[in-house]
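Survey of secondary and tertiary structure
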Amino acid sequence: MSPHPILRRDFLSSLSGGFTGLALTQMLAREASGSSAKPELNGGIHHRAKVKRVIQLFMNGGASPMDTWDYKPALTKLDGQKLGSKTKIEGATGMQGALMKSPFEFKQHGQCGKWVSSVFPEQAKLVDEMAFLQAMTGRSNVHGQNAYLMNNGFLLPGFPCMGAWISYALGSLSDNLPGFIVLPDARGLPYNGRGCFTAGFLPAVHQGTVIKTDSQQPIPDLFASDQFAYATRSADADGLALLNQINRAHVAQHPGDSRLAARVSGYELAAKMQLSAPEAFDVMREPESARKTYGLDNPDKATADFAKRCLLATRLIERGVRFVQVWSGPEGAVNNWDNHGNIPTQLPPMARSIDQPIAALLQDLRQRGLAEDTLVVWTTEFGRTPFSQGSLGRDHNCGTFVSWLWGAGVKGGVTHGVSDEIGYQAAQDITTGYDLHATILHLLGIDHEKLTVRNNGVDRRLTDVHGHVVKEVLA
């Protein structure tokens, strides 16, 4: 029997745990990705692509539509009336109270006349470039379930997220950086932890690489500690060469296990990242004017974390990262968009933390020439009720919420869909997470019905058995 499996275990056990962990979480190296992107289709696989890169901005907790993007004057007229359910609805945390008007002023903006709340003064200036899906709807009022639905296409865990599907279909645009990078809130991971970044049953190499931007080492143990004098560049090269030989022998003996192939690609990519990552992740290399525009250096630091991650997202896609996910808010009862207690006091800090950075992100992408093949998506897991919870909060509501698209292939200044007069249920031209995913894949040159992988006897896809491309918001 070959001694390789024993040698491999011994060798791995002698390596840094952080480095091994990096290998498990790194995205693909191009040669291991199985990329099928076609140059003649501008990088698409089924039809010509208009988009090559995606930045997803996810508002964790359930951003309130009637306090941000969905103006409801009827709520002002009906404020205080008790028209809600007499029983507790599924997924809600309490009984529905009286109808509650928005405490924020709405005004029309741009040539399109889009109504926007006063909590988004900077994004409001760019509505003529955005396409709004105004009647999004979900299937659960539970954070975890609908967050899975909006990211992975299913209510249950175990399914690949959109970033993993895109990586699987198209491969990487860079040899030196992961193809799918996740930038979580500095205060913690979102609902479901890493479940919304998973590769599921796809090869493990396609899961998201989580970067902790608030850390001195965003990628732990990418470089050896100074206390290990023997861990030189040449020693790394020799060790990785031997490890590569051992691993490839093991892969040959276990062809059905994608995890080791992911490790092999991860080690190779990690070695390349020792050269590329320090430059890519250092947002302080940007001029002071750029950092100021994003809000990185605001005196009160309210925008600093999200600004840093938006600026980093720009730098990453500029360097070839295919899909970057930027999260606003951690899991839990505070510091996110889950505003059960007090909309007037809890929502404005969250809105302020993202407003200037997102506006700067869109403007910067255009100035750098990246808007020509980059898509930006803003969304959340569900909305909130038009009814009060307690006195001034709002409860979960998957009945209607808002998403928007910006960038390549998008028709700016349009609004698709309408919710009912109080913002409780989607009413006209309803769209779902399946439709959003189908539209994003379409812009990337992918037919969502053809991108399938057989798993446990079923041909699985991101959109399950649902979804249609929302052509009304496409240029």
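Contact geometry of helix α4 (residues 143–152) with helix α11 (residues 433–443) gives a least axis separation of 8 Å together with a crossing angle of 25°. Relative to α11, the element α4 lies roughly parallel. Where α4 crosses over α11, the handedness of that crossing is right-handed. Within the contact between the two elements, α4 uses L149, M150, N151 and N152 and α11 uses G433, Y434, L436 and H437. The residue makeup of the contact of α4 with α11, split by class, is four nonpolar, four polar and no charged.

With eight of its nine residues buried, helix α5 (residues 162–170) lies for the most part within the structure. Listing the buried residues of α5 in full gives M162, G163, A164, W165, I166, S167, A169 and L170. Directly beyond the C-terminal end of α5, a positive phi value near 75° is found at G171.

The next subject is the nonpolar core. Of all hydrophobic cores here, the largest spans 55 residues; its most connected members are I55, L57, W378 and W404. Per element, the largest residue contribution to this core is 11 residues, and it comes from helix α10 (residues 343–367). Excluding residues that lie within four positions of it along the chain, L57 makes contacts with F306, V326, I358, L361, V376, V377, W378, T379 and W404. C161, A199, F401 and L474 belong to the second largest nonpolar core, which has 49 residues in total.

Further remarks concern the packing of helix α9 (residues 304–318) against α10. Contact geometry for α9 and α10: axes closest at 8 Å, N-to-C directions at 20°. Taken together, the axis directions place α9 and α10 in an arrangement best described as roughly parallel. In this structure, α9 meets α10 at a crossing whose hand is right-handed. In this structure, α9 contributes F306, A307, C310, L311, T314 and I317 to the contact, and α10 contributes S353, I354, P357, I358, L361, D364 and L365. Along the lines of polarity and charge, the residues of the contact of α9 with α10 split into 10 nonpolar, two polar and one charged.

Rules of the game
- Residues numbered from 1 in each chain as written.
- Predicted model: local features only at pLDDT ≥ 70, side-chain atom pairs only at ≥ 80, totals over all residues.
- Heavy atoms only, no water.
- Axes fitted to C-alpha atoms, helices over the stretch in contact; angles between N-to-C directions.
- Helix = DSSP H or I, 4+ residues; strand = E, 2+ residues; numbered from the N terminus.
- Parallel < 35°, antiparallel > 145°, perpendicular 65-115°, else oblique.
- Left-handed = near helix turned anticlockwise from the far one by under 90°.
- Contact = heavy atoms within 4.5 Å.
- Nonpolar A, V, L, I, M, F, W, Y, C, P; charged D, E, K, R; others polar.
- Buried < 20%, exposed > 50% of the residue type's maximum accessible area, 1.4 Å probe, protein only.
- Core = buried A, V, L, I, M, F, W, Y, C linked by side-chain atoms within 4.5 Å.

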